[in-house]
Amino acid sequence: LDNPEQDDDFNILDKIKVELNIENNLQDDSDFDAEVHLYDISKEESIDSKDDSISVDQGDNEDLELELEVSKKTDEKHDYAIYAYAEGENGECASSYVDINIKREDDLVEISSIDLSSTSVSPGENVLMQVKVKNLGADDQDVKLKLENSELNLSFETEEFNLDKYGKKDSKTIEFNIPIPTDAE
């Protein structure tokens, strides 16, 4: 396990590049199945995993790169490790792990969904747009949404509203009632 290194820091939504070096000390060329896990030590479960296979000539070594993703639901208060396991054709195996740190950024807000009341509207009609905003950050956030469309000459902005830090009351759905101009094409 060449990367990441012991106690490396990662954030929620990061992609973790895992680099393995598989060395063949067997008597013949061999195929190896490798898997890597983002392992939640506190819950004793894998929360993301990837696998691949590689052929390695006898006495040689090959690099393998896999990518894990830190989910937005990851609990940054838990302990984590990257665990790697490789197994040869005849059951020969090796494993390794490194402890890593996962943090939640203070300021991290996402638009988690946008829904329209209709996919087709005619000039002079209104369409209702619902925008769900979610705070993925460790701090409460004051947020404003702005909707603009220069082709329709539309501009809307909400009043500032508060989203609690990531947890129970961390999202809000905002509605925009959008009048489509009578001269829209």
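Residues numbered from 1 in each chain as written. Predicted model: local features only at pLDDT ≥ 70, side-chain atom pairs only at ≥ 80, totals over all residues. Heavy atoms only, no water.

Positionally, Ser 71 belongs in the loop between strand S5 (61–69) and strand S6 (80–88). In this structure, the C-alpha to C-alpha distance between Ser 71 and Asn 11, residues 60 residues apart in sequence, is 9.5 Å. Within the structure, the side chain of Ser 71 is placed 3.0 Å from the backbone nitrogen of Lys 73, a separation counted as a polar contact. (Helix = DSSP H or I, 4+ residues; strand = E, 2+ residues; numbered from the N terminus. Polar contact = N/O pair within 3.5 Å; in protein donor to acceptor, adjacent residues only side chain to side chain.)

Next up on the list: the packing of aromatic side chains. A full pass over the atoms with the stated rule returns 1 aromatic pair. Look at Phe 156 and Phe 176: their rings are 6.3 Å apart centre to centre, the planes differ by 55°, and that puts the pair in the tilted class. Taken together, the residues span a long stretch of sequence, with Phe 156 in strand S12 (residues 154–157) and Phe 176 in strand S14 (residues 171–179) at a distance of 20 residues. (Phe/Tyr/Trp six-rings, centres within 6.5 Å; stacked < 30°, edge-to-face > 60°.)

What follows covers the pattern of salt bridges. Using the criterion set out here, one finds 11 salt bridges in the structure. Across the pair Glu 19 and Lys 17 runs a salt bridge, and its minimum N-O distance is 3.5 Å. With a relative accessible area of 26%, Glu 19 lands in the partly exposed category. Of the charged contacts, one joins Glu 157 and Lys 144 as a salt bridge, the two residues approaching to 3.3 Å between their closest N and O atoms. Taken together, the residues Glu 157 in strand S12 and Lys 144 in the loop between strand S10 (141–143) and strand S11 (146–149) connect sequence positions 13 residues apart. Under the relative-accessibility criterion, Glu 157 is labelled partly exposed at 44%. Overlapping salt bridges bring together Glu 76, Lys 77 and Arg 104 as one network. (Salt bridge = Lys/Arg side-chain N within 4 Å of Asp/Glu carboxyl O. Buried < 20%, exposed > 50% of the residue type's maximum accessible area, 1.4 Å probe, protein only.)

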